[in-house]
Amino acid sequence: MDFILCALLSYNNGQLARRKGQNVVVWVLITIVAFFLAYVIGAMVLVALFYDGPFTQDALQQFMTANPLRLLTYVFTGIGGYMLIRYLLERMPDMPRKNDMD
């Protein structure tokens, strides 16, 4: 589900980059990296704040998947990464259309 959401959000930013006259592939890749970087940072913050068990792979995996709200927290922090890139794209000036130049 996370990959599908990331793909849809990246496509959305790619369309915005095209309207702004920017390189679509670069902005799609930046969006993917920002989404997963924010996702991982959200997971690390959640573990740092609320986990107090042994630091083994099985215990951490069980902690991360036990509560569905934790999974939603990771997804929402990933969406925050997407929104940061979208904000940067929206601040760029629009590319003038051919009809406007005539």
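Scroll up for the structure.
Novice: Teacher, can you tell me more about the packing of aromatic side chains here?
Specialist: Given two aromatic rings, their pairing is described by the distance between the two centres and the angle made by the two planes. A full pass over the atoms with the stated rule returns seven aromatic pairs. Ring plane angle 45° and centroid distance 5.6 Å describe the contact between F3 and F36, whose orientation is recorded as tilted. Of this pair, F3 sits in helix α1 (residues 2–20) while F36 sits in helix α2 (residues 24–50), and the two are 33 residues apart along the sequence. The class for F3 is exposed, based on a relative accessible area of 64%. Since its relative accessible area comes to 25%, F36 is described here as partly exposed. Relative to Y74, the ring of Y39 has its centre 5.8 Å away and its plane inclined at 65°; by these criteria the two rings are edge-to-face. With Y39 in helix α2 and Y74 in helix α4 (residues 68–90), this residue pair connects regions lying 35 residues apart in the sequence. With respect to class, Y39 is no different from Y74; both count as buried. One Lys or Arg, R70, reaches over the ring of F63 and ends 4.0 Å from the middle of that ring.

Novice: Looking at this model, I keep getting lost on the nonpolar core. Mind explaining?
Specialist: Across soluble globular proteins, nonpolar side chains have a tendency to be buried as a group. One finds L16, A17, W27, A34, I85 and L89 forming the largest nonpolar core, which totals six residues. Counting residues per element, the ones that place at least two in this core are α1, α2 and α4. In this structure, L16 is in contact with R86, L89 and E90, ignoring residues within four places of it in sequence. Formed by five residues, the second largest nonpolar core is a distinct cluster that contains Y39, A43, L46 and Y74.

What counts as what
Residues numbered from 1 in each chain as written. Predicted model: local features only at pLDDT ≥ 70, side-chain atom pairs only at ≥ 80, totals over all residues. Heavy atoms only, no water. Phe/Tyr/Trp six-rings, centres within 6.5 Å; stacked < 30°, edge-to-face > 60°. Helix = DSSP H or I, 4+ residues; strand = E, 2+ residues; numbered from the N terminus. Buried < 20%, exposed > 50% of the residue type's maximum accessible area, 1.4 Å probe, protein only. Lys NZ or Arg CZ within 6 Å of the ring centre and 35° of its normal. Core = buried A, V, L, I, M, F, W, Y, C linked by side-chain atoms within 4.5 Å. Contact = heavy atoms within 4.5 Å.

Scope: geometric values only; no functional claims are made or implied.
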